[in-house]
Amino acid sequence: MTRPQLLIDTDPGVDDALAILMAHAHADVAGLSIAAGNVGLEHTVHNARVLVDLLGAGTPVFPGCATPLVRLPEEDAAFVHGRDGFGDVGFAQPGTAAADEAAALALLRLTRERPGELTLVALAPLTNVALALRLDPTLPQRVRRLVVMGGAVTGQGNTGRVPAEFNVGFDPEAAHVVFEAFGDFDLVDWELTLRHAFDEDAFDGWLAAGDKRAAFYRSICQVARTANRERGRRGIIAADALAMAVAIDPSVVVRSERRAVAVELDGRLTRGATVVDWTGRLGRPANANVVLELDQERFAAMVRRALGAG
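Let me begin by describing the structure that accompanies this report. (Residues numbered from 1 in each chain as written. Predicted model: local features only at pLDDT ≥ 70, side-chain atom pairs only at ≥ 80, totals over all residues. Heavy atoms only, no water.)

Side note on the overall build of the protein chain
Link 1 in the chain: Helices and strands together make up the secondary structure of the protein chain, namely 14 helices and nine strands.
Link 2 in the chain: On C-alpha atoms alone, the protein chain measures out to a radius of gyration of 18 Å, which is about the 19 Å that the 2.2 N^0.38 rule sets for 310 residues.
Link 3 in the chain: By its C-alpha atoms, the protein chain is 50 × 40 × 40 Å across when sized along the principal axes.
Link 4 in the chain: Within the protein chain, the fraction of its 310 residues that count as buried is 59%.
Link 5 in the chain: Intrachain contacts of the protein chain at a sequence separation of at least 6 include 81% that bridge at least 24 residues. (Helix = DSSP H or I, 4+ residues; strand = E, 2+ residues; numbered from the N terminus. Rg over C-alpha atoms; globule rule 2.2 N^0.38 Å. Buried < 20%, exposed > 50% of the residue type's maximum accessible area, 1.4 Å probe, protein only. Contact = heavy atoms within 4.5 Å.)

Observations concerning the side chain of Thr159
Link 1 in the chain: Among the structural elements, Thr159 can be located in the loop between strand 5 (145-149) and helix 7 (166-170).
Link 2 in the chain: A distance of 2.9 Å separates a polar side-chain atom of Thr159 from the backbone oxygen of Arg161.
Link 3 in the chain: At 3.1 Å, the side chain of Thr159 forms a polar contact with the backbone oxygen of Ala164.
Link 4 in the chain: Aside from chain neighbours lying at most four places away, what touches Thr159 is Glu75, Ala164, Glu165 and Phe166. (Polar contact = N/O pair within 3.5 Å; in protein donor to acceptor, adjacent residues only side chain to side chain.)

Overview of the sheet that holds strand 5
Link 1 in the chain: The nine strands lie next to each other as 3-2-1-4-5-6-9-7-8, forming an open sheet whose pairing is mixed. Each edge of the sheet is formed by a strand with only one pairing partner; in this case those strands are strand 3 (61-63) and strand 8 (274-277). Direction aside, neighbouring strands of the sheet carry axes that sit 30 degrees apart on average.
Link 2 in the chain: Of the pairings in the sheet, the one linking strand 7 (residues 253-263) to strand 9 (residues 288-294) comprises six bridges and is antiparallel in character. Bridging from a neighbouring strand, Val253 pairs with Leu294 of strand 9. (Pairing = 2+ DSSP bridges. Axes fitted to C-alpha atoms, helices over the stretch in contact; angles between N-to-C directions.)

Notes on the nonpolar core
One recurring pattern in soluble globular proteins: nonpolar side chains tend to sit buried together.
Link 1 in the chain: Within the largest apolar cluster, 64 residues are counted, with the highest numbers of intra-cluster contacts made by Met22, Tyr217, Met244 and Leu307.
Link 2 in the chain: In terms of nonpolar packing, the next biggest core, distinct from the first, is built from 38 residues, Val129, Ala132, Phe179 and Val290 among them. (Core = buried A, V, L, I, M, F, W, Y, C linked by side-chain atoms within 4.5 Å.)

Comments concerning the packing of aromatic side chains
Link 1 in the chain: Taken as a whole and judged by the stated rule, the model has ten aromatic pairs.
Link 2 in the chain: Through a chain of ring-to-ring contacts, three or more aromatic side chains come together here, namely Phe198, Phe203, Trp206, Tyr217 and Phe299. (Phe/Tyr/Trp six-rings, centres within 6.5 Å; stacked < 30°, edge-to-face > 60°.)

A closer look at helix 1 (residues 14-26)
Link 1 in the chain: Its 13 residues place the ends of helix 1 19 Å apart at the C-alpha level, agreeing with the 18 Å of an ideal helix rising 1.5 Å per residue.
Link 2 in the chain: Most of helix 1 sits inside the fold, with 13 of its 13 residues counted as buried. (Expected span 1.5 Å × (residues − 1).)

Structural notes on the pattern of salt bridges
Link 1 in the chain: Within this structure, the stated rule accounts for 19 salt bridges.
Link 2 in the chain: For Arg83, the salt bridge identified is with Asp88, shortest N-O distance 3.8 Å.
Link 3 in the chain: Note on Arg83: relative accessible area 65%, which makes it exposed.
Link 4 in the chain: Residues Arg259 and Glu257 are paired through a salt bridge, measuring 2.9 Å at the closest nitrogen-oxygen approach.
Link 5 in the chain: With relative accessibility at 24%, the residue Arg259 sits in the partly exposed group.
Link 6 in the chain: A residue is classified by how much of its surface remains accessible, and Glu257, at 25% relative accessible area, is partly exposed.
Link 7 in the chain: Connected through shared salt-bridge partners, Glu200, Asp204, Arg225 and Arg229 make up one network. (Salt bridge = Lys/Arg side-chain N within 4 Å of Asp/Glu carboxyl O.)

Right, dumping it as structure tokens:
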């Protein structure tokens, strides 16, 4: 079976780290374009370089946007991921250097060099992708697939604004640009990740059975696990890993629905909310394949392999 060819936009981030481990275990990765989001850009670029060192992969790391397109963010996710995004473990300066090329330009260049080959996996706020689209609106014609981790399709978000999910809420204008430009993308939303959390004891068993990747992940995930427990979230929530599973193997999707999806930009209480036209009232063409259920066992098998545990 031919390995998937991926281009990953990310803001590492604990769950991004697991997704990137999965990508390198199951696919070929053309590059990591880095955004601010979970924590600031200095940290997310550093964390991507730490991961490339760990994997010995030589994957290029392209620094991107340090702020959203329009408004400064109201919050980051350091309370979940640690101040440095990797559980405040304090990793040494990595040997892998960041590329000189900006992330948006790298997205355009790589898709021009390999038109129709690369699946773009968007795990971060969509700032880099939106900027690339503003520079070249033909980008969607060269992307094989777009898989987005973002949104909360029935308004049960995870930010200070009740309906909003973090990635979309961090830069709603960017999400609007991307959702309007791509006529067909896969949406893996926050609520789906809650339904597909892993049992903590089982996950701890995978960490114990794994290799250096599992030891690394164990070291960075403790802050996130504590934060989720304090918020009443059960199990190991692996949002970006779930999106990565869809990117690596689309057949892992058990149930999905095509719907028109947009982003609220102006609401006092709802800015950043993902609006899904479930009943076709707006008469807009469906642009998103909203993933509603995955094969949990196959997803777990992907994660175990990424940790060296099976």
